[in-house]
Structures are given as structure tokens and as C-alpha cells.
Amino acid sequence: MIRLHHVAKEYPRTGVALSHLTFQIKKGEFVFLTGPSGSGKSTLLKLLLMEEKPTEGEVWVSGVSAKKARRRDISHLRRRLGVIFQDFRLLEDRTAEANVRFSLEVTGAPKSAFAQKVNRALTQVGLASKGTSYPRELSGGEQQRVAIARALVNDPFVILADEPTGNLDERATRGVFQLLKDINASGTAVVMATHDLDLVRNSNYRVIELNHGRVVYDSAETPPPGTGMTPPGGLPGSLLFPASDKPAGTN
Amino acid sequence: MLAFREALIASKRAPLLSALGVLTIAFSLFAFGLFSLVALNIKHSLQQVEERVEIRGFVTDGTPIEPIAAAMKDISAFPEVAKVDFVSQEQALARARKELSEFKDVFEEDVLPGSIEVHLRAGLRNPGTVRDVANRVGRYDFVDDVRYGEEWVDKLYRLRNIATVAGTGLGLAFALVAIIIIGATIRMAVLHRAKEISIMKYVGATDGFIRLPFLIDGLMRGVVGGLLALLLIWFANRTINRYFLQTIFFDRKTIAIGIVSGALIGVIGSMYAVGRHLRRI
Ligand SMILES: Nc1ncnc2c1ncn2[C@@H]1O[C@H](COP(=O)(O)OP(=O)(O)OP(=O)(O)O)[C@@H](O)[C@H]1O
Ligand SMILES: [Mg+2]
């Protein structure tokens, strides 16, 4: 479904952001993307959104090749992707409903189905009663749920989430994460970039850890250290399994 | 339809920005239009003066009418010539008395000679042609003298050339400034909605879909700004007409072209501003 092949991304002024990336994400998979600040998580998500093109290698998302895709192909691909951000990116001057509907309006889908779809999406995120509220009248967690509803309303095959809980407190984080898990359980893949190592450690999902633009750990390739199958002492460059004599998870 | 609604919603959301945009367009078109009106009037006046360019061949007293009539027929066959008239001694006297009524009594019979008056076609009243035709008129035996206001034909012609070049140059400069200002106001509108545009991109809007409301917005601004500018110019023209001097106003075709150009500038400005923005996201 998502495939990267020897991908490198170099920015004109800041240099190499990603290099030597080759991996796949399967249909319906939940993947954490983690790593220190500047390691390239957001850049990787931008490649999947095709907001940026790889400098080298190739990215395929649902059969669309980053190299060959025209602007129009990318627009059409994005209608089948859901994307959420740390800062929610809602339109402040529209209600929750209108924000969700926005996502339908751009697709040119038949209008008659809008109301019902918007309603379903808001219900799915637990905000059926807040449809007429404006973003400023909602808590951070609720705003992120509206953003998730907006991402869901077009029935995406994958949700790309860039630190969706980065601005949220403990409780709201758990709520949003639970929601993403539920969405994943119903068959939608989720790729979630996060700094929250506890969240990563406490779930059983696949983890891809980046550092300096390279994959330093991918739980689909290597079982987690400390399970006896890899040498003790952690992994070089990894925060998740630091290469020190302390056991993982104590930092 | 949706795009149209979006455009309306957008101007409702940022009424000050829209009003400013329309006013900016109106004022830059006003400046351009006022300049064009002045240019139009100068051109019109010069044309009127030009129409008075004539070659006058004075005829020897007592020349019979037949050779004069034959000569006039020849002359009217010249391709440069629009019209040939004969002014008899009596007519010349009557005209002089009328035009210079203060000196009515100075003129006596027989003082003024009869003459052949030649008017040239529009566009051929340049010094070279005038001189050439005058020479040919002068070749007739019974023509004593030919006059055509040598110096002022030259001057008029030069003035017209200068006016045309200066007018076109200044007009282009004004139009360019108008386009730049209008482009800047539309760019402001685009930046104002940058967040909305970026979200549209993320949820899969095509470039065309994003562009359309801006095009409509630009079109409306251009038309409204153009109409406003027209109103201002019309007002200015009426004031000048009433208190200062007689002027002419644009004809309907020019007005229509003006409004269409306003709309076009709005649309092109939007296309450019949004296109530039879209290329970066
Ligand atoms: N638009 C850009 N232009 C130039 N350089 C960029 C751009 N975006 C990111 N970079 C660079 O690419 C590298 C990776 O940045 P990226 O935003 O992907 O990191 P990140 O892992 O998401 O970090 P964070 O956890 O802080 O969000 C950084 O060195 C950054 O400076
Ligand atoms: Mg980031």
C-alpha cells in the first residue's frame, strides 16, 4: 500500500533530511514513527502526502508514484488519505460541521450525501453534539477530534498523523490515541509520528524509529531488544532502546 | 456555483480587505481612465485643427470659369485629396467680413482674389503630402500663388507625433502601475486565505478548484472597481465641462472595452497571484 525504495530527501538549504529509506507499510497497519526532533518524521509524512518529492528513490502510495504523479493525481490521491497535524489546522471562522464538510466540498461529491456523512464522522469521533460549535469554543482534544472527523469523512485508506497529541494533555492524548486505535481496528491504516515514547512502548504496534534521517529501528525487521533475540545494550542512535547499559525504558 | 458562493463568503469574511481591494482597483483605473480621457481630448482637438489644413491656390483676376472647373476636376482626382471648393471674389469678401467683423469696412470689392481650396484626406495631412499637392496646384497658369501655412503644418504634425508617443508611453506606464497595484491587492487576498488554501490542498482540492473562487473574486473586483472608476471619471469630466472647458467623453465602445479590461485585469491578477501561491505548496 505504501512503499519506499532507496528514498533520500535533501532540502536546498538545510541538506539531507532523509536517506536510505526502504520499507513498506501494509494495508490496515498501525505504524508509529518516532525519533528525536529533526530526525525527519514530518519530512517522511510529507513524502507520503506527496507534498514533497524524494530527491532520490521512489515512493508509492496506493499505486501512485511520486515520480510520475501529476498535480491532479496528487489531489485525487489526497482525497483517499486523511491527514492530521499537531496544530489541528481547523478554519477558525467555520463551525465543526463546516470544517468537516470542507473536506467533502472540494471533492465534487454529490451534495445530497454531505449532511449524513458529516454527521457520521462527527459521531464517530464522539462530537455529534458539538457540530455547531466554532473551534475556539472547543477544547484542544475536541478540536483534534474535529480534525480527525475531517480526515475520516472521505473514508480514507490511511490516516497520516503528525504528532496529533503533541499539543494535548495526558487525558486528551489518551482519548485521541484511543480514537486512532478504533479507527485502525475498523481497517484504516494509521501512520503516526510522535515524540511520546510511553505511548509507543505501551502499545504493540509497529515502530519505525528515525535518527538523522535514517531508520535506526524498525520493529517489523528486528524484534525489540531485550527479548533475547538481539544483543543486549540497545541500538546505536536509538532513543527507544538507547545504546547504554541501562535497561530500555529508564532513560 | 460553490466557487461563486465561496467568493462571496470570502468577501463577507474580510469586508475591509475586499473594500480596500475594490477601492484600490477603482483608483488605479480612475488614474488610468482620467489620463486616457485627457489624451482622447487632446487627440480630438488636434484632429479638429488638422481638419482645417487646407491648400489655397489664388486665381488670377478675370480667369474664365471653364479652366478653373477643369483644374478642380483634375485636382479632386488626386488620391490624397478629399474635397475641392472654389471661393469666388464675392464669397471671399463675405467670409472676410464675417470672420473679421471689426474690419468690415476695410475690405473693398476686388481686394480679395478668388481661390481654389483643397482639403486633404485624413491621415495624409503630413507636411510632405501637403507640400507636394500645393506644388501641383501651383502649376496651373492661372494660379498666382499657393498658401498652406507651411510652418504650422510642420508644427502641428510634430506635435501630433509627440502627443501620440508620449500618450502611448504614459498610458502603458499607467496601465502597468494599475496592473501591479491590482496584483498586489489580490495577492493580499490570497495570503489572507493562505491557511484555507493549504487545507484545501491537504484534503485533495485540485488547483482549478482552488483557483476558481479567486478568479470570480478578481472578476467581481475588476468589474466593480471599473464601474466605480468610470463613475468617478464621468463626474470629473462633467465638472470640467461645466466650469472649465468643453471636453468629449468616451464613446460606448470605449466604455465597454474599459470595463472588460478591468475584469480582465482582475482575472489575470488573480490567476497570477494564486498560481504563484499554488506553485509553492
Ligand atoms: N521545508 C523545509 N526546508 C528546508 N529544510 C527542512 C524543511 N523541512 C524540514 N527541514 C529539515 O529537515 C530535517 C528534518 O525535519 P523534520 O521536520 O522532518 O523533523 P521532525 O522529525 O519532524 O522533527 P520534529 O520532531 O521537531 O517535528 C531538519 O533538519 C529540518 O531542518
Ligand atoms: Mg515534525
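In this report, we go over the structure that sits alongside the text.

Rules and cut-offs
Residues numbered from 1 in each chain as written. Chains lettered and ligands numbered in written order. Predicted model: local features only at pLDDT ≥ 70, side-chain atom pairs only at ≥ 80, totals over all residues. Heavy atoms only, no water. Helix = DSSP H or I, 4+ residues; strand = E, 2+ residues; numbered from the N terminus. Buried < 20%, exposed > 50% of the residue type's maximum accessible area, 1.4 Å probe, protein only. Contact = heavy atoms within 4.5 Å. Areas by Shrake-Rupley, 256 points an atom, 1.4 Å probe, with all protein chains shown as cover. 1 Å grid on protein atoms, 1.4 Å probe; cavity = no way out; pocket = protein on both sides within 12 Å on 5 of 7 lines; lining within 4 Å. Points joined across faces, edges and corners; volume = space filled by probe spheres on them. Nonpolar A, V, L, I, M, F, W, Y, C, P; charged D, E, K, R; others polar. Buried area = accessible area lost by both parts, 1.4 Å probe. Salt bridge = Lys/Arg side-chain N within 4 Å of Asp/Glu carboxyl O. Polar contact = N/O pair within 3.5 Å; in protein donor to acceptor, adjacent residues only side chain to side chain.

Remarks on the overall build of chain B
Next up, step 1: Assigned secondary structure in chain B consists of nine helices and four strands.
Next up, step 2: If you list the helices and strands of chain B from N to C, you get α-α-β-α-β-α-β-α-β-α-α-α-α.
Next up, step 3: Relative to its 281 residues, chain B shows a buried fraction of 39%.
Next up, step 4: The long-range fraction of contacts in chain B, counting pairs at least 24 apart against all pairs at least 6 apart in sequence, stands at 81%.
Next up, step 5: For chain B, the computed accessible surface area is about 16100 Å², with 65% contributed by carbon and sulfur atoms.

Focus: the layout of surface pockets
All names here are of chain B.
Next up, step 1: The volume enclosed by the largest pocket comes to roughly 1000 Å³.
Next up, step 2: Forming the boundary of the largest pocket are 38 residues, of which Phe32, Ser36, Ala39, Phe250 and Thr254 lie nearest the centre.
Next up, step 3: Elements that contribute at least two residues to the lining of the largest pocket include exactly helix 2 (15-51), helix 6 (150-192), helix 8 (207-243) and helix 9 (252-279).
Next up, step 4: Counting residues per element, the lining of the largest pocket draws most heavily on helix 2, which supplies 13 residues.
Next up, step 5: Broken down by class, the residue content of the lining of the largest pocket amounts to 23 nonpolar, 12 polar and three charged.
Next up, step 6: Its boundaries defined by the atoms lining it, the second largest pocket holds a volume of some 570 Å³.
Next up, step 7: Residue assignment for the lining of the second largest pocket shows that the elements contributing at least two residues are strand 1 (54-59), helix 4 (89-99) and strand 3 (115-120).
Next up, step 8: Per element, the largest residue contribution to the lining of the second largest pocket is four residues, and it comes from helix 4.

Observations regarding the interface of chain B and chain A
In many analyses, interface size is given as the accessible surface area lost on bringing the parts together.
Next up, step 1: The interface of chain B with chain A comprises 19 residues on the first partner and 22 residues on the second.
Next up, step 2: Roughly 2000 Å² of surface becomes buried between chain B and chain A when both sides are summed, with 52% attributable to carbon and sulfur atoms.
Next up, step 3: Counting the contacts that link chain B with chain A gives three salt bridges.
Next up, step 4: The shortest N-O distance in the salt bridge between Asp207 of chain B and Arg71 of chain A comes to 2.5 Å.

Some thoughts on the side chain of Ser238 of chain A
Residues and elements named next belong to chain A.
Next up, step 1: Looking at where Ser238 falls in the secondary structure, it is placed in the segment after strand 10 (214-218).
Next up, step 2: In this structure Ser238 comes out as buried when scored by relative accessible area, which is 6%.
Next up, step 3: Among the polar contacts made by the side chain of Ser238, one reaches the side chain of Glu209 at a distance of 2.5 Å.
Next up, step 4: Polar side-chain contacts of Ser238 include one of 3.2 Å to the backbone nitrogen of Leu240.

Section: empty space enclosed by the protein
Next up, step 1: For the structure on display, the rule yields two cavities of 30 Å³ or more.
Next up, step 2: Arg78, Arg79, Leu81, Gly82, Val83, Ser103, Arg150, Ala151 and Asn154 of chain A together with Tyr202 and Val203 of chain B are the residues that line the largest cavity.
Next up, step 3: Elements with a contribution of two residues or more to the lining of the largest cavity: strand 6 (81-85) and helix 5 (140-152) of chain A.
Next up, step 4: Sort the elements by how many residues they give to the lining of the largest cavity and strand 6 of chain A lands first, with three residues.

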